[in-house]
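The chain contents come next:
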Amino acid sequence: MIDLNLIRDNPELVKENIKKKFQDKKLPLVDEVIALDKQKRELQQEGDSLRAQRNALAKQIGALMREGKKEEAEVAKVTSKANNDRIAAIEEETSKIEAQLKKDMMSIPNIIADDVPLGKDDSQNVEGKVFLKHEEKPFDIPYHLDILESLNGIDLDSARRTSGNGFYYLTGDIARLHSAVLSYARDFMIDKGFTYCIPPYMIRSDVVSGVMSFEEMDGMMYKIEGEDLYLIGTSEHSMIGRFMGEILPESSLPQTLTSYSPCFRKEKGAHGIEERGIYRIHQFEKQEMIVLCKPEESDYWYEKLWNYTVELFVSMEIPVRQLICCSGDLADLKYKSCDIEAWSPRQKKYFEVGSCSNLTDAQARRLGIRYKAANGKNEFVHTLNNTVVAPPRMLIAFLENHLQADGSVYIPPVLRPYMGGKEKILPKTK
RNA sequence: GCAGAGAUGGCGGAGUGGUCGAACGCGCACGACUCGAAAUCGUGUUACGGGCAACUGUACGGGGGUUCGAAUCCCUCUCUCUGCGCCA
C-alpha cells in the first residue's frame, strides 16, 4: 500500500508507475482514490462538527442535571438525539467510502525502483551476475526423482497414500542431507549476525490479510477447520506479523532475523512436467531471512541479502545467477526484487531457488510497523525478505550438480560436519 | 478444558456513568545549577485523522450494544494471571 499523500501530491508519478508495470487498467483507480478521499474528508468535517456539538451538549446536560434543572436537560436531550441520526448516517456513508478507498489503495502498486528493468512479464526478466561458472558434465543427468530413488532417498508412493499428491517421505542420507543444509544455512546466517528465530507455524486471519492479498491467500493458505488459524506459507508471514502495529525504538533497527519453518501451500494451478517430483509441493521447509530497517538503509540491505544467498550456494559449490525481476513481473507490494537461480545441468538452464525483495514501506504501512525516528516522528520501517534456502528445491540443484559418474553424490566440505563427516552419498546396491 | 481475576500512555499504576486523553510515579527530552557529571529543581512528553488557522474528531485489548453522554454498565471475541484437570 502506498502513501495516500503521494497520490494526492503527485498523481502523475503514481500513474506513470502503473504504466511501467503494464497495469493500465488500474489507471482510473488513481483519480477514483483522489475523489473518494475528497468525499471522505468533507464527510469527516461535517461529522466532526456534529460530534463536537454532541460533546458540548452532553457536557451541558451533565451540568444541568447537577444543578437540578431537569426540564432544560430534557430539551437538550431531544436536540442531541436528533443530531445522532445525522451522525449515524454520515458514519455509514463514511465507512462505505473507506472500504472502497482501502480496496483501491491495496491494488495500486508500490512505486518501483528506478533501476528495475521495464518488461511485461517473466520472459523479460534480466540476467544479473553469474557466480561459479558451471561445467559440462561428461554424462547425462537423470531427472531428480530418479537420482533420489537411486539413492534410496524418497518414497512418494507412501506419501500419496497418507497425504496425497504433493507430499513426500525423504529417507536415509537424503533426509539427513535435507536437515544438514538447513542447519548449515542457519549457522551461516547466524555468523552473518542474524538472529535465529522459530516462529509460529499458524497465524490468525487478521495477520494473513495483513501480509497478503485475498487472491494470494485463496491460492496458497490452508485453513484449520473450526479455528481462526491458517498454516503459514512461509515464515515471512509470522515473522513480519510479529511486528504488526508496533512502534519500534530507532535503536532496535535494523532487525536482522533468520527464521526456520515448514511452509504449507495449496499451489492451486497447473503442474507442468518440470514440476513432477519435489519442485513444487504442498509442504516444504525453508530458512528465511527478513530485515526491518530505516528507509535510507533498505537499498543497502537488499544488495546484502541476495548476496548472502549467492554466497551460501557458492560455498556448497552450486553455480547460481541473479535474475532481476522486471517491472511487469514484480508483485504489487514490491519496490524491487530478484530471484536467485541455480544451474540445472540436466535442463541446461537456471531455475529459481530463492527470491529477494525490498518492499520499502508498502508492507509496513499495511501492517502499521513503525519506528520512532530521531526527530520524534513515527515513520514506517522498510521491510525486506529473502530465501536463505528451501531444501527440497535446493536439493534438486544439489543432486544434479553433485552427481558423479559412478552414481554417488558428492558432499561439499561445508556440509560434512552436518553429515557425520561423510564425503559422499552412495547409491543403493541392487 | 473448567472456575475465578484481569487487560488503561514507553513502563508501573489510579480512575467504576458527565468536570477524564486520563491523577501519581518511573522513564525520556529540554532548561537551570556545576569546570563537568551525579543529585536536585523547573518545563515538556499517547497515537491517528481533518482544517490555512483558530480549532476540532477518534481511540482506555478487538467487535457490538445500552445512554443525551461510556475507561466506567451489558453481550461477545482475543489475550494474560491464579487454581484445578489434561498432556507432549
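Here the residue numbering is sequential within each chain, running from 1 through the sequence in written order. For this description, chains carry letters from A and ligands carry numbers from 1, given in the order in which they are written. Local features in a predicted model are, by the rule used here, given only for residues with pLDDT of at least 70; side-chain atom pairs are given and counted only at 80 or more, and totals for whole chains, interfaces and linings are based on all residues. Note: side-chain values were computed over all heavy atoms of the structure, leaving out hydrogens and water.

Caption draft 1: Quick peek at the pattern of salt bridges. A pairing counts as a salt bridge when a side-chain nitrogen of Lys or Arg comes within 4 Å of a carboxyl oxygen of Asp or Glu. Per the stated rule, a full pass over the model turns up 25 salt bridges. Close ionic contact of Arg8 with Asp37 constitutes a salt bridge, the shortest N to O distance being 2.7 Å. A residue pair is termed long-range when its members are at least 10 positions apart, and Arg8 in helix α1 (residues 4–9) and Asp37 in helix α3 (residues 27–67) qualify at 29 residues. Throughout, exposure labels follow a simple rule: accessible area from a 1.4 Å probe, protein chains only, divided by the maximum for the residue type, with under 20% read as buried, over 50% as exposed, and the rest as partly exposed. The class of Asp37 is buried, set by a relative accessible area of 2%. With a closest N to O distance of 3.6 Å, Glu74 and Lys77 form a salt bridge. Of this pair, Glu74 and Lys77 both sit in helix α4 (residues 70–107), three residues apart, which is roughly one turn of the helix. Residue Glu74 is classed as partly exposed on the basis of its relative accessible area, which comes to 39%. Taken together, the shared-partner salt bridges in this structure form one network comprising Asp3, Asp361 and Arg365. Think of it this way: any DSSP run of H or I at least four residues long counts as a helix, any run of E at least two long counts as a strand, and we number them from the N terminus.

Caption draft 2: Local environment of the sheet that holds strand β4 (residues 195–197). Here, strands pair whenever DSSP counts at least two bridges between them. Taken in spatial order, the eight strands line up as β1-β11-β12-β13-β16-β10-β9-β4 in an open sheet, and their pairing is mixed. Sheet topology places β1 (126–131) and β4 at the edges, where each strand pairs with a single neighbour. Ignoring which end each strand starts from, the neighbouring axes of this sheet average 25° apart. Relative to strand β12 (residues 336–344), strand β11 (residues 320–324) is paired through five bridges, and the arrangement is antiparallel. Residue pairing for β12: Ile324 is matched across the bridge by Cys338. Pairs of residues are marked as contacts when any of their non-hydrogen atoms sit within 4.5 Å. In this description, a line fitted to the C-alpha atoms serves as the axis of each element, helices being fitted only across the stretch in contact, and the angle between N-to-C directions of two axes falls anywhere from 0 to 180 degrees. In the packing of helix α7 (residues 172–191) onto the sheet, the strands contacted are β4, β9 (255–264), β10 (283–293) and β16 (382–389), and the crossing angle to β10 comes to about 10°.

Caption draft 3: Just α4, in detail. By this rule the span expected of a helix is its residue count minus one, scaled by 1.5 Å. With 38 residues, α4 should cover 56 Å at 1.5 Å per step; its first-to-last C-alpha distance of 55 Å lies within 8% of that length. Buried residues of α4: Ala73, Ala76, Ser80, Asn83, Ile87, Ile90, Thr94, Ile97, Leu101, Asp104 and Met105, and no others. Contacts from the buried residues of α4 go to α1 and α3.

Caption draft 4: Fine view of the protein's contact with RNA strand B. Close to RNA strand B lie 22 residues, the nearest being Arg41, Asp48, Ala58, Ser80 and Arg204. Taken together, the sugar and phosphate atoms account for 74% of what RNA strand B places within 4 Å of the protein. Here a phosphate oxygen of RNA strand B sits 3.1 Å away from a polar atom, N or O, in the side chain of Arg8. The contact in question runs from a phosphate oxygen of RNA strand B to an N or O atom on the side chain of Asn84, over 3.1 Å. For the surface near RNA strand B, the element with the highest residue contribution is α3, accounting for 13 residues. Here the residues of the surface near RNA strand B are counted per class, giving four nonpolar, seven polar and 11 charged. Proximity is defined per residue: any heavy atom of the residue falling within 4 Å of a molecule or strand makes that residue near it. Think of a polar contact as two N or O atoms within 3.5 Å of one another; within protein, one of them needs to be a possible hydrogen donor and the other a possible acceptor, and neighboring residues in sequence only count if both atoms come from side chains. Each residue gets one of three labels, nonpolar for Ala, Val, Leu, Ile, Met, Phe, Trp, Tyr, Cys and Pro, charged for Asp, Glu, Lys and Arg, and polar for the others, Gly among them.

Caption draft 5: Layout of the environment of Ser235. Mapped onto the elements, Ser235 comes out in helix α10 (residues 235–241). For the pair Ser235 and Met289, spaced 54 residues apart in sequence, the C-alpha to C-alpha distance is 9.0 Å. Aside from chain neighbours lying at most four places away, what touches Ser235 is Pro199, Ser259, Ser261, Cys263 and Glu288.

Caption draft 6: Structural context of unusual backbone geometry. In this chain, Leu253 is followed by Pro254 through a cis amide linkage whose omega measures -5°. As for its position among the elements, Pro254 is in the loop between β8 (247–249) and β9. The phi angle at Phe22 is positive, at roughly 55°, despite the residue not being glycine. By the secondary structure assignment, Phe22 is in the loop between α2 (11–20) and α3. The phi torsion at Asn152 lies on the positive side, around 60°, for a residue other than glycine. Asn152 sits in the partly exposed class, given a relative accessible area of 47%.

Caption draft 7: Main features of the pairing of β12. Burial within β12 is extensive, with nine of its nine residues counted as buried. In terms of strand pairing, β12 meets strand β13 (residues 349–358) through nine bridges, oriented antiparallel. If you follow Lys336 over to β13, its bridge partner there is Asn358. Hairpin connection of β12 to β13: four residues between the antiparallel strands, including Lys348 at a positive phi of 55°.

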